[in-house]
Amino acid sequence: IPSMRSLTAEEYVEAFKSFLDHSTEHQCMDEFNKEEMPNVMAGHKAASASLLLGGFPGSRGEQDLKMIRILQAAHPGVFIDNEIIEPNPQHVAAYKELVNQAPDLQNVSFIWHQLTSSEYEQQVKAKGAHKKFDFIHMIQMLYRVEDILNTIKFFHSCLDHHGKLLIIILSDSSGWASLWKKYRHCLPSTDSGHYITSNGITNILKRLGVEYCVYEFPSGWDITECFIEGDPVGARMIDFLTGTKNFLGTAPPALRQRLQEALCQPECSSKKDGRIIFNNNLSMIVVES
């Protein structure tokens, strides 16, 4: 049996796609965009707006453009100065293609930084000058950041007066939170991410002394295929869940069994019409400047 190893960046993107195809992750974000984002965006300056959009795993710009269009609707005719941090060159290329196909973005400029958030921070600090932004988002990205507190502190310092920082993170009501806290022993050591959920972020924000508001939105992930022997989609989903390449083929049988049993626990999943739905609830945290 080959030894267990972490997913490469390319393998992670492939596994993430299996997750997106079987979850309501993006539909959940769309609900937030529809119900709350117009009010969040309403506080922007009327003459122009600057956005800094941090790339998140698997992102190709779809959610970013939705937020830009919400801002356009809230402030018709406003020029939007939009900067993107995205380390994956394939995602940058896909994002640019989306922009090229969008005829409604004439009042929007795009600057792509092919960097990680920490590389961007180092670059800004080396220049010694902060560009200020009206809106910054960090969607599902803080799990892979080395120093979460100082990363939030830095990007918060990049906000202009009355600016907003949006952090989207897994909720403490999610199955992920239960899996990471109660069933940590069921997960392999190959996943190098931070097991942080909404409460961990709000505790950091309290330490930083900043104002914030939390919106909770329900989301589900159909993991039924994870329990079907030999199913390739289920295998990719398990790889995403564990951060491990070919987990089902490389993990010790006892670890496989423990994980599959944990996934079925009511704190993690529920059954609906014969399907197993993992709780993927999200917290949308809006931080004031």
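Residues numbered from 1 in each chain as written. Predicted model: local features only at pLDDT ≥ 70, side-chain atom pairs only at ≥ 80, totals over all residues. Heavy atoms only, no water.

Note the following rule: UniProt positions are given in the numbering used here, feature names are shortened, and annotations may be inferred rather than shown by experiment.
As annotated in an unreviewed UniProt entry, the chain carries the name HNMTL methyltransferase and comes from Sula dactylatra. The Subunit (unreviewed entry) field of the UniProt record for the chain holds the comment "Monomer."

## Considerations on the nonpolar core
Defined as follows: We define the nonpolar core as a collection of buried residues of types Ala, Val, Leu, Ile, Met, Phe, Trp, Tyr and Cys that are connected through side-chain atoms lying within 4.5 Å of one another. The buried label applies to any residue whose accessible area, calculated with a 1.4 Å probe on protein chains only, is under 20% of its type's maximum; exposed applies above 50%, and partly exposed to all values in between. Secondary structure follows DSSP: runs of H or I at least 4 residues long count as helices, runs of E at least 2 residues long count as strands, and numbering of each begins at the N terminus.
Among the nonpolar cores identified, the biggest contains 85 residues, and Ile167, Leu179 and Ile201 are the most heavily contacted of them. For this core, the element with the most residues is strand E5 (residues 159–170), which contributes 7 residues.

## Observations regarding the environment of aspartate 30
Basically, it comes down to this: It only takes one pair of heavy atoms within 4.5 Å for two residues to be counted as in contact.
On the secondary structure map, aspartate 30 appears in helix H2 (residues 25–35). Judged by its relative accessible area of 29%, aspartate 30 falls in the partly exposed class. Sequence separation between aspartate 30 and phenylalanine 240 is 210 residues; the distance between their C-alpha atoms is 22 Å. Excluding its chain neighbours within four sequence positions, the residues that come into contact with aspartate 30 are Gln63 and Lys66.

## A few points about the pairing of strand E9 (residues 275–279)
Put simply, the rule is: Strand pairing is assigned whenever DSSP identifies at least 2 bridges connecting the two strands.
Going residue by residue along E9, you find Ile276 and Phe278 tucked away on one face and Arg275, Ile277 and Asn279 left uncovered on the opposite face. Strand direction decides the pairing type here: strand E7 (residues 220–222) and E9, joined by 3 bridges, are antiparallel. Note on E9: the bridge partner recorded for tryptophan 221 is phenylalanine 278. One ladder, built from 4 bridges, connects strand E8 (residues 269–272) with E9; its direction is antiparallel. Looking at E9, one finds that serine 270 is bridged to isoleucine 277. Two successive antiparallel strands, E8 and E9, enclose a turn made up of 2 residues, where aspartate 273 displays a positive phi of approximately 50°.

## Overview of empty space enclosed by the protein
Here is the rule: Detection works on a 1 Å grid of protein atoms alone, calling trapped sets that fit a 1.4 Å probe cavities and calling open sets with protein on both sides within 12 Å along at least five of seven lines pockets, with lining residues defined by an atom within 4 Å of a point. Grid points are joined across faces, edges and corners, and a volume is the space filled by probe spheres set on the points.
Enumeration according to the criterion identifies 2 cavities of 30 Å³ or more in this entry. As a volume, the largest cavity reaches approximately 260 Å³. Considering the residues around the largest cavity, the lining is formed by 18 residues, among which Tyr12, Tyr143, Leu170, Trp176 and Phe240 are closest to the centre. Among the secondary structure elements, those contributing two or more residues to the lining of the largest cavity are helix H1 (9–22), helix H8 (175–181) and helix H10 (232–242).

## With respect to the side chain of glutamate 83
The test is simple: Two N or O atoms form a polar contact when they lie within 3.5 Å of each other; inside protein one atom must be a possible hydrogen donor and the other a possible acceptor, and for residues adjacent in sequence the pair counts only when both atoms belong to side chains.
Tracing the backbone shows glutamate 83 in strand E2 (residues 79–85). Polar contacts involving the side chain of glutamate 83 include one to the side chain of histidine 113, which spans 2.6 Å. One polar contact links glutamate 83 to lysine 131, side chain to side chain, over a distance of 2.6 Å.

## Some words on the pattern of salt bridges
In plain terms, the rule: Here, a salt bridge means any side-chain nitrogen of Lys or Arg that lies within 4 Å of a carboxyl oxygen of Asp or Glu.
With the rule as written, the count across this model stands at 13 salt bridges. A salt bridge links lysine 131 to glutamate 83; the nearest nitrogen and oxygen atoms lie 2.6 Å apart. Here glutamate 83 lies in strand E2 and lysine 131 lies in the loop between helix H6 (117–127) and strand E4 (133–139), a separation of 48 residues in the sequence. Looking at lysine 131, the relative accessible area reads 34%, which means it is partly exposed. One salt bridge connects glutamate 121 with lysine 125, and the closest N-O pair in it is separated by 2.7 Å. Remark: lysine 125 and glutamate 121 occur in helix H6; sequence separation between them is 4 residues, near one turn of the helix. Relative accessible area serves as the criterion here: at 11%, glutamate 121 is assigned to the buried category. If you follow the salt bridges from partner to partner, you end up with Asp81, Glu83 and Lys131 in one network.

## A look at the environment of proline 76
With respect to the helices and strands, proline 76 occurs in the loop between helix H4 (62–74) and E2. Separated by 100 residues in sequence, proline 76 and tryptophan 176 place their C-alpha atoms 39 Å apart.

## Topic: the environment of valine 233
Tracing the backbone shows valine 233 in helix H10. Separated by 211 residues in sequence, valine 233 and histidine 22 have C-alpha atoms that sit 9.6 Å apart.

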